[in-house]
Amino acid sequence: MNNCAIVRDLLPLYFDGETTEETSEFIRQHLEECPECREYFEKENRIPHVMESSEADGQYRYSVVAKRIAKRRNENLLLAGAAALAAGLVLGYTAGKTSK
């Protein structure tokens, strides 16, 4: 089995601190021994740090993008709730008129 493929598949979890200590040690050891994976790791590791950097352009920073997504989601939920309430009021009003 190719350890390089395994390590590269696990790197996103490793970046997020989601790997077990045993897996993290396996990845660290492999990166020490494999120049290709070490170069890949350094290249890929730069992306999250640039996105979180206060020096990065604000519209591309991860935290800013995440806040925008959350804001849009909340706006959409609010609009959906308002539409459901309006539909319920209209249906309730028309049902009341037809039953009289």
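All residue numbers here refer to positions counted from 1 along the written sequence of the relevant chain. Where local features are concerned, this predicted model is filtered to residues with pLDDT of at least 70; where side-chain atom pairs are given and counted, the filter is 80 or more; whole-chain, interface and lining totals use all residues. Side-chain calculation: all heavy atoms of the structure are included, whereas hydrogens and water are not.

A look at the overall build of the protein chain
Where helices and strands are cited, they refer to DSSP runs of H or I of at least four residues and of E of at least two residues respectively, numbered from the N terminus. The helix and strand inventory of the protein chain stands at four helices and zero strands. Start at the N end of the protein chain and walk to the C end: the helices and strands fall as α-α-α-α. Categorising residues by exposure relies on relative accessible area from a 1.4 Å probe, with only protein chains included: less than 20% of the type maximum marks a residue as buried, more than 50% marks it as exposed, and the intermediate range marks it as partly exposed. For the protein chain, buried positions account for 12% of its 100 residues. Each accessible area is a Shrake-Rupley estimate made with a 1.4 Å probe; only the visible protein chains count as cover when residues are assessed. Of the roughly 8100 Å² of accessible surface on the protein chain, a fraction of 57% belongs to carbon and sulfur atoms.

Digging into the packing of aromatic side chains
Think of it this way: a Phe, Tyr or Trp ring, Trp meaning its six-membered ring, pairs with another when their centres are within 6.5 Å, and the plane angle makes it stacked under 30 degrees, edge-to-face over 60, tilted otherwise. Summed over all chains, the structure comprises one aromatic pair. In this arrangement the basic side chain of Arg8 is found over the ring face of Tyr40, its NZ or CZ atom lying 4.5 Å from the centre. A ring has a charge above it when a Lys NZ or an Arg CZ is no more than 6 Å from the ring centre and no more than 35 degrees off the ring normal.

Focus: the pattern of salt bridges
One side-chain nitrogen of Lys or Arg within 4 Å of one carboxyl oxygen of Asp or Glu is enough to make a salt bridge. Evaluated as defined, the whole model comprises two salt bridges. Among the salt bridges present, the one from Arg28 reaches Glu21, with a minimum N-O distance of 2.6 Å. When its relative accessible area of 31% is taken as the criterion, Arg28 is described as partly exposed. A salt bridge links Arg28 to Glu25; the shortest N-O distance between them is 3.4 Å. With a gap of three residues between them, Arg28 and Glu25 both fall in helix H2 (residues 21–33), about one helical turn apart. When its relative accessible area of 40% is taken as the criterion, Glu25 is described as partly exposed. Because the salt bridges share partners, they merge into one network encompassing Glu21, Glu25 and Arg28.

Considering the confidence of the model for the protein chain
When pLDDT is averaged along the protein chain, the result is 80; 77% of the residues meet or exceed 70. Of all helices and strands in the protein chain, the one with the weakest mean pLDDT is helix H3 (residues 35–52) (72), whereas H2 scores best (93). As a per-residue quantity, pLDDT reports the predictor's confidence and falls between 0 and 100.

Observations regarding the side chain of Ser24
Along the chain, Ser24 turns up in helix H2. According to the relative accessible area criterion, Ser24 is buried, its value standing at 7%.

What about the nonpolar core?
Definition used in this section: a nonpolar core is a set of buried Ala, Val, Leu, Ile, Met, Phe, Trp, Tyr and Cys residues joined via side-chain atoms within 4.5 Å. Counting residues in hydrophobic clusters, the biggest one holds eight residues: Val7, Leu11, Tyr14, Ile27, Leu31, Cys34, Cys37 and Phe41. Looking at this core, the elements that each hand over two or more residues are helix H1 (3–15), H2 and H3. The dominant element in this core, judged by the number of residues it contributes, is H1, at three residues. Two residues form a contact once any of their heavy atoms are found within 4.5 Å. Excluding residues that lie within four positions of it along the chain, Phe41 makes contacts with Leu11, Tyr14, Phe15 and Leu31.

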